[in-house]
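Listed here are the chains, written in short residue letters.
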2 protein chains.
Amino acid sequence: MKFLIIGGDAAGMSAASRAKRNQPEMNVTVLEETMDVSYSACGMPYNIADPDRDINDLVVRQAQVFREKQGIDLKTGCRAEAIDPDVKTVQAEDHTGQKQEFSYDSLLIATGASPVMPDMPGIDQKGVLPLKRLSDGRSIKDYLAGNRTESAILVGMGYIGLEMAEALSLRGIHVTGVTRGFMRNYDSSIAQVVQQTLSQHHVDLYRDQKVERIEKRGSSLAVVCNDQELGANMVLMGLGVAPNSRIAADAGIALGPKQAISVSRQMQTSNPFIYSAGDCADAYHVVTGQKTWVPLALLANRGGWAAADNICGKPVEVQGIAGSAVFKTFELEVARTGLSASEAEAAGFEPASVTIDARSRAHAHPGAESIRVHMVGDKKSGRLLGTQMVGKEGVAHRIKAPAVALHAQMGVEDFGQTDLPYAPPFSPVWDPLLTAANQLMKKL
Amino acid sequence: MKFLIIGGDAAGMSAASRAKRNQPEMNVTVLEETMDVSYSACGMPYNIADPDRDINDLVVRQAQVFREKQGIDLKTGCRAEAIDPDVKTVQAEDHTGQKQEFSYDSLLIATGASPVMPDMPGIDQKGVLPLKRLSDGRSIKDYLAGNRTESAILVGMGYIGLEMAEALSLRGIHVTGVTRGFMRNYDSSIAQVVQQTLSQHHVDLYRDQKVERIEKRGSSLAVVCNDQELGANMVLMGLGVAPNSRIAADAGIALGPKQAISVSRQMQTSNPFIYSAGDCADAYHVVTGQKTWVPLALLANRGGWAAADNICGKPVEVQGIAGSAVFKTFELEVARTGLSASEAEAAGFEPASVTIDARSRAHAHPGAESIRVHMVGDKKSGRLLGTQMVGKEGVAHRIKAPAVALHAQMGVEDFGQTDLPYAPPFSPVWDPLLTAANQLMKKL
């Protein structure tokens, strides 16, 4: 039994490790284009924030551990070029230019996603950098070490942009954000708090901007937008990512939303011998029941495990994602799960929503911070559809409660009846989530 | 319509306020034995920790606000003595000794619970104090202000005992805990971490002790146990509380577990005109479906609201409690929801459990603490039955996720599939809850 995996990041290495644990005698080969495997990509902003931390701290497991301790045939610097599903082979080229062919009984495509780098003039200037792969993190740290950087422009203000805003500010770099939309998946009541915090930390934010070109101006770079021209020493491109699905499409495999590789709950593609997992694959949304594409780490790990289990004859289904995400920017925790009101409407629900402000600790308990909860329910069914929160404490973990409720298709009324424990250092007697549910009930 | 309420704490005042909001013209009368209404009893340890904070900070709403702003006929210093359900009256005595009779159409018994004060020699010595009512908190603060207190003995180490251990230590008082069982509702793997922390903070803990008497010895008190004799300047009695149900039982109302007043999910007692809510009433456990008695603040507030809604003709059910609780002692957050393995066995389940240790933040993220999760599932049905956690961060809010899962009767496998969002400052990619569920699955 030959199990071949294209891509050695979260999904790929999770699958490889799981397969060897399930069946130690299995022949497991991984083709990884770069020299880096198994690293915490999400940790890069925090690493970049500290010039004294080695970027290699983010490597969770060294390639040689996979090879020597786990018996995985891990080929780094080896780029898969094409899949021939008829004869079950993959053509690849190693870093010396040598062509190689690998055969498989089961194949996992775990090619991940790549940063969107628009085809605009000046995008290849020195100092214009994306942040996705570990090598990108290295490039940014090297650039900061070697170039006096007083200011940076972040093009795009998604999660990574917002995390990088904090990271660069911590290094004393003035940050300017340039973006088309700002936190479009969040209610404006939540985005507003984030925007105020950015402003308090002297991060300038230009919204509704389209970047037209980047120009070199002496020792600095100019980002020319439709109605702004901004200067800085460094430009980070954070316009999101796109799934690396070309190799799958070329092999006749069906694609789903956003051109991600379409997979079943067993992580199987349209070809029964080919699986896909990670940022290149789509997923079911547990609230809508529809396919969606959300490239996040937990799903990649979970999908990798599930693909390996299914390939090893242990049937496993990944139920799907609930649209959960959390990030930290400066002192704020920001989190969401499920659908925003506009997403709910697009999915055919009849949403009602509330936004409430509460305290993070009990009446008279010292150190309380404010916490804002936005909650969305369905007028037709009474179901809870989504929750978003922002605050300085008690957000990142609290969001897990509505996330579980979404998996259980719970109603807002039932959610409002849950026994969420209370102690004065942690919440008011009525948890902010319960207060939001109680308020939302009045609109359903 | 006359709505009469016995007891002006959480349940009673919640009900009174809610009834007036539902029906502003309703005649709502509250009989409260003490002079204090609507205060945060749970906040007392934190208030006591700080000699400079006024104990009255804990009052959430003054009596006159209820009277003048909300139109509630609130009679403080008025003790209800007996209920005559045949003629629908309550006999009371005010603080001057004057007898009064109140008639009702609907009655709510919200008499709360009282600290267990065993009938042992020396229990009435000066310096031997319970902690339940606001007046107890006042007495403790007054005692500490007026008496040089270098050491204190806590008899009983429940939640309040563990919170007071921290509070008194913060005031430089050496604390000794004397207890029969220690955290009996928790798995030993969780209790062990708490015990280590107490020890690190120089809190001496004597387990398996029965206190026989308290003696005055010069300026200090001696607590004489079965096989220990311990001295201190102050003795706090924290042997738990018992429901104040005598007045209900005397009126022929049925009692439930632990002699708490038996109520339906509508908060109705065995007499259709009499409701009960708060620490004096029992509740359904959502995991076992059986009656139980858990005197905690959220249920009191929720029960008070529900009783008022039902009395006002808005049918509402309180689904029940999940056995959720959280407390802080020193730097630890400790939380539980659902059943422990032994509780599960007693309820007829076939429990399996795991304990896992995880990190509170991602690989290589600075500042990570350890977090321990104990999870219980049912071998017969695969259901999640309970979760307990301890750690320095990420416990108090994380417990809400399994609490919601218990309300939804979710299986361990389904819980392990939930989309709990990840970011490096807050958890590993696989949240400790998911790791615990994955491990527990192997035993089911």
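Residues numbered from 1 in each chain as written. Chains lettered and ligands numbered in written order. Predicted model: local features only at pLDDT ≥ 70, side-chain atom pairs only at ≥ 80, totals over all residues. Heavy atoms only, no water.

The name that an unreviewed UniProt entry assigns to chain A is NADPH-dependent 2,4-dienoyl-CoA reductase/sulfur reductase-like enzyme, with the source organism given as Desulfosalsimonas propionicica. Under the UniProt heading Cofactor (unreviewed entry), the note attached to chain A is "FAD". Listed in UniProt under the heading Sequence similarities (unreviewed entry), the comment for chain A reads: "Belongs to the class-III pyridine nucleotide-disulfide oxidoreductase family." (UniProt positions renumbered as here; feature names shortened; annotations may be inferred.)

Residue-level account of the domain arrangement of chain A, with values.
Accessible area lost on assembly of the parts is the figure often given for the size of an interface. Residues and elements named next belong to chain A. When its domains are assigned, chain A resolves into domain 1 (2-46 + 54-113 + 242-311), domain 2 (117-237) and domain 3 (325-441). Across the contact, 14 residues belong to domain 1 and 11 residues belong to domain 2. Buried surface at the junction of domain 1 and domain 2, summed over both partners, amounts to about 1200 Å²; 59% is from carbon and sulfur atoms. Sorting the residues of domain 1 by area buried against domain 2 places Met44, Pro45 and Ile55 first, and these three jointly supply 43% of that buried surface. (Domains from an automatic or database assignment. Contact = heavy atoms within 4.5 Å. Buried area = accessible area lost by both parts, 1.4 Å probe.)

An account of the nonpolar core is needed here, citing residue identities and associated values.
In this structure, Met375(A), Phe415(A), Met375(B) and Phe415(B) are the most contacted members of the largest nonpolar core, which totals 80 residues. The residues touching Met375(A), leaving out its near neighbours within four places in the chain, are Ala352(A), Ser353(A), Val354(A), Leu384(A), Gly386(A), Thr387(A), Phe415(A), Leu433(A), Ala436(A), Ala437(A) and Leu440(A). (Core = buried A, V, L, I, M, F, W, Y, C linked by side-chain atoms within 4.5 Å. Buried < 20%, exposed > 50% of the residue type's maximum accessible area, 1.4 Å probe, protein only.)

Residue-level account of the side chain of Glu32(B), with values.
Residues and elements named next belong to chain B. Position of Glu32 relative to the elements: it lies in strand 2 (residues 27-32). There is no salt bridge for the buried Glu32, and the closest opposite charge comes from Arg133, which lies 5.5 Å off by N-O distance. Here the side chain of Glu32 touches Gly8 through a polar contact of 2.7 Å, landing on its backbone nitrogen. What Glu32 contacts, discounting residues up to four positions off in sequence, is Gly7, Gly8, Asp9, Val37, Leu74, Lys75, Thr76, Gly77 and Cys78. (Helix = DSSP H or I, 4+ residues; strand = E, 2+ residues; numbered from the N terminus. Lys, Arg positive; Asp, Glu negative; His and termini not counted. Salt bridge = Lys/Arg side-chain N within 4 Å of Asp/Glu carboxyl O. Polar contact = N/O pair within 3.5 Å; in protein donor to acceptor, adjacent residues only side chain to side chain.)

Give me the UniProt feature "domain: FAD/NAD(P)-binding" (unreviewed entry) in chain A: which residues, what numbers.
UniProt marks residues 2-287 of chain A with the feature "domain: FAD/NAD(P)-binding" (unreviewed entry), using the numbering shown here. Between the end C-alpha atoms of residues 2-287 of chain A there is a gap of 37 Å, over a span that is 24% helix and 30% strand.

Kindly report on the relation of the copies chain B and chain A, identifying the contributing residues and their values.
Mapping chain B onto chain A calls for a rotation angle of 180° and an axial translation of 0.0 Å; the resulting RMSD is 0.0 Å. What the rotation and shift describe, once combined, is the action of a two-fold rotation axis. Proximity to the rotation axis, assessed at the C-alpha, singles out Ala401(B) in chain B; its C-alpha lies 2.0 Å from the axis. Comparing interface residues between copies, 100% of those in chain B also lie at the interface in chain A; the contact surface is shared. (Least-squares fit on C-alpha atoms with pLDDT ≥ 70 in both.)

Explain helix 12 (residues 432-441) of chain B to me, using residue names and the numbers behind them.
Looking only at helix 12 of chain B, the buried set comprises Pro432(B), Leu433(B), Leu434(B), Ala436(B), Ala437(B) and Leu440(B). For helix 12 of chain B, the secondary structure elements touched by its buried residues are helix 8 (297-311) of chain A together with strand 23 (351-359), strand 24 (370-378), strand 25 (384-391), helix 10 (400-407) and helix 11 (412-416) of chain B. The N-capping residue of helix 12 of chain B, defined by a side-chain oxygen 3.0 Å from the backbone nitrogen of Leu433(B), is Asp431(B).

Can you explain the pattern of salt bridges? Please cite residues and give values.
If you walk through the whole model with that rule in mind, you get 42 salt bridges over all chains. Between Arg53(A) and Asp57(A) there is a salt bridge, with its nearest N and O atoms 3.5 Å apart. Overall, Asp57(A) belongs to the partly exposed group, its relative accessible area being 33%. For the salt bridge of Glu81(B) with Arg79(B), the shortest nitrogen-to-oxygen distance reads 3.8 Å. Arg79(B) sits in the partly exposed class, given a relative accessible area of 40%. One connected set of salt bridges, linked through shared partners, spans Glu33(A), Arg79(A), Glu81(A) and Arg133(A).

Any details on the environment of Glu317(A)? Residues and values, ideally.
Here Glu317(A) lies in the loop between helix 8 and strand 21 (325-329). Those residues within four positions of Glu317(A) in sequence are excluded, and the remaining contacts are Arg265(A), Gln266(A) and Gln417(B). At 2.5 Å, the side chain of Glu317(A) forms a polar contact with the side chain of Gln266(A).

With reference to specific residues and values, describe the packing of aromatic side chains.
Within the structure shown, the criterion is met by 6 aromatic pairs over all chains. By the ring-pair criterion, three or more aromatic residues cluster together here, those being Tyr159(A), Tyr186(A) and Phe327(A). Its guanidinium or amino end placed over the ring of Tyr186(A), Arg336(A) lies 5.7 Å from that ring's centre, counting from NZ or CZ. The side chain of Lys291(B) reaches across the aromatic face of Tyr284(B), ending 5.0 Å from its centre. (Phe/Tyr/Trp six-rings, centres within 6.5 Å; stacked < 30°, edge-to-face > 60°. Lys NZ or Arg CZ within 6 Å of the ring centre and 35° of its normal.)

A description of the interface of chain B and chain A should follow, citing residues and the corresponding values.
Taken together, the 62 residues of chain B in the interface contact 62 residues of chain A. With both sides pooled, the region where chain B packs onto chain A buries about 5300 Å², and carbon together with sulfur makes up 68% of that total. Our count for the contact surface shared by chain B and chain A stands at 2 salt bridges. Taking the shortest distance from any N to any O, the salt bridge between Lys400(B) and Asp431(A) comes out at 2.6 Å. Counting every contact that joins chain B to chain A gives 28 residue pairs in polar contact (both at pLDDT 80 or more). Mapped onto the side of chain B that touches chain A, the elements with two or more residues apiece are helix 8 (297-311), strand 21 (325-329), helix 10, helix 11 and helix 12 of chain B.

Any chance you could break down the environment of Glu369(A) for me, citing the residues and the numbers?
Residues and elements named next belong to chain A. Along the chain, the position of Glu369 falls in the loop between strand 23 (351-359) and strand 24 (370-378). The exposure class of Glu369 is partly exposed, given its relative accessible area of 28%. Counting along the chain gives 190 residues from Glu369 to Thr179, while the straight-line C-alpha distance between them is 29 Å. In this structure, Glu369 is in contact with Ala358, Arg359, Ser360, Lys392 and Glu393, ignoring residues within four places of it in sequence.

Provide a residue-level description of the packing of helix 10 (residues 400-407) of chain A against helix 10 of chain B, including the pertinent values.
Two elements in contact, helix 10 of chain A and helix 10 of chain B, have axes separated by 7 Å at closest approach and are oriented at 25°. Taken as axis vectors, helix 10 of chain A and helix 10 of chain B run roughly parallel relative to one another. Seen along the crossing, helix 10 of chain A lies across helix 10 of chain B with a hand that is right-handed. Across the interface between the two elements, Lys400(A), Ala401(A), Val404(A) and Ala405(A) from helix 10 of chain A touch Lys400(B), Ala401(B), Val404(B) and Ala405(B) from helix 10 of chain B. Looking at the contact of helix 10 of chain A with helix 10 of chain B residue by residue, the class counts come to 6 nonpolar, no polar and 2 charged. (Axes fitted to C-alpha atoms, helices over the stretch in contact; angles between N-to-C directions. Parallel < 35°, antiparallel > 145°, perpendicular 65-115°, else oblique. Left-handed = near helix turned anticlockwise from the far one by under 90°. Nonpolar A, V, L, I, M, F, W, Y, C, P; charged D, E, K, R; others polar.)

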